[in-house]
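Geometric and topological summary
Residue strings, one per chain:
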Amino acid sequence: MRHLVAMALVIGLAGSAARAQDGKQPKEINAKGWINTDGLTLEKLKGKVVVVEFWATWCPPCRASIPHLAELRSKLDKSKVEIIGLTDEPKEKVEGFAKDMKMNYAVGYGSTSGGDYGVRGIPHAFIIGTDGLIAWDGHPMDPAFETTLTKMADAVKDKKK
């Protein structure tokens, strides 16, 4: 029970502190290597809605959120939305894990971007709008995450019509 209370507190605090990032310009992402892509930059993804999620193989809440992100990757239009998972762990730990977890989105390993984004707890996701600014950030299992992402993806579709 204590663990659940502590986890809820951490998630709640991370969410409230995180909202201070909304509307800010994110720093460019980095990774030593990539899985499911040749490599990505936020600069190259301008015009798309981008999810940047920080996670680790050893993190139980991260493991719980990965299937949700994979489902969103399958559901949302790839020409409008990019999902990127970043971890500081090495390729040796990440490659088999990503395959076993069926991570069907871009995965960057050996990343130092978490510090640039001020991430203090994982999993932690950022939604970056087509304008290149942070539109939302917090826990990827927060219902507001999917709601915000879907609305933003739909808005991109509306612009293209």
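Per chain, the residues get numbers from 1 upward, laid out in the order the sequence is written. In view of the model being predicted, local features appear only for residues whose pLDDT reaches at least 70, and side-chain atom pairs are presented and counted only at 80 or more, with totals across whole chains, interfaces and linings using the full set of residues. As a convention, hydrogens and water are excluded, and side-chain values are obtained from all of the structure's heavy atoms.

1. A few points about helix α3 (residues 91–100)
Applied cut-off: Any residue under 20% of the maximum accessible area for its type is buried, any over 50% is exposed, and the rest in between are partly exposed; the area is computed with a 1.4 Å probe on protein chains only. In this description a helix means any DSSP run of H or I spanning at least four residues, a strand means any run of E spanning at least two, and both kinds are numbered starting from the N terminus. Arc, as used here, means the arc of the directions from the helix axis to the C-beta atoms. Pairs of residues are marked as contacts when any of their non-hydrogen atoms sit within 4.5 Å.
Restricting attention to buried positions, one finds in α3 the residues V94, F97 and A98. Down the axis, α3 shows its buried residues gathered within 100° of arc, on one side only. Exposed and facing more than 90 degrees away from the buried side of α3 are E92, K99 and D100. Where α3 is buried, its residues contact β1 (33–35), α2 (60–75) and β4 (106–109).

2. Quick word on the nonpolar core
The condition that has to hold: Take the buried Ala, Val, Leu, Ile, Met, Phe, Trp, Tyr and Cys residues and link them wherever side-chain atoms come within 4.5 Å; each set so joined is a nonpolar core.
Within the largest apolar cluster, 29 residues are counted, with the highest numbers of intra-cluster contacts made by W55, M103, Y105, I127, F145 and L149. Within the residue set of this core, elements represented by two or more residues are β2 (49–54), α2, β3 (81–86), α3, β4, β5 (124–128) and α5 (143–160). For M103, the residues in contact, after removing those within four places along its chain, are N36, W55, I66, F97 and A98. By size, the runner-up hydrophobic cluster in this structure holds 15 residues, among which are W34, I84, A106 and F126.

3. Quick word on the packing of aromatic side chains
The following threshold applies: The aromatic pairing rule takes the rings of Phe, Tyr and Trp, using the six-membered ring of Trp, and pairs them if the centres are within 6.5 Å, calling planes under 30 degrees apart stacked, those over 60 edge-to-face and the rest tilted.
The final tally for this structure, using the stated rule, is five aromatic pairs. Look at W55 and F97: their rings are 5.5 Å apart centre to centre, the planes differ by 15°, and that puts the pair in the stacked class. Pair noted here: W55 is in the loop between β2 and α2 and F97 is in helix α3, with a separation of 42 residues, a long-range link. For the pair W55 and F97, one class covers both residues: buried. Ring plane angle 50° and centroid distance 5.6 Å describe the contact between W136 and F145, whose orientation is recorded as tilted.

4. Focus: the sheet that holds β4
Put simply, the rule is: For two strands to be treated as a pair, DSSP must find no fewer than two bridges joining them. For every element, the axis is a line fit to its C-alpha atoms; helices are fit only across the contacting stretch, and the angle between N-to-C directions ranges from 0 to 180 degrees.
Across the sheet, six strands lie side by side as β1-β4-β3-β2-β5-β6; this open sheet has mixed pairing. Sheet topology places β1 and β6 (134–138) at the edges, where each strand pairs with a single neighbour. Adjacent strand axes in the sheet meet at a mean angle of 20° when their direction is disregarded. When β3 meets β4, the two strands line up parallel, connected through three bridges. In the sheet register, I84 faces β4, and the bridge partner there is A106.

5. A word on the state of the cysteines
The line we're drawing: Defined by distance alone, a disulfide is two cysteine sulfur atoms within 2.5 Å.
By the definition in use, this model includes one disulfide. Sulfur-sulfur distance for the disulfide between C59 and C62 comes to 2.4 Å. Given an S-S torsion of about 75°, the disulfide between C59 and C62 has right-handed geometry. Here the two residues C59 and C62 agree in accessibility, since each one is buried.

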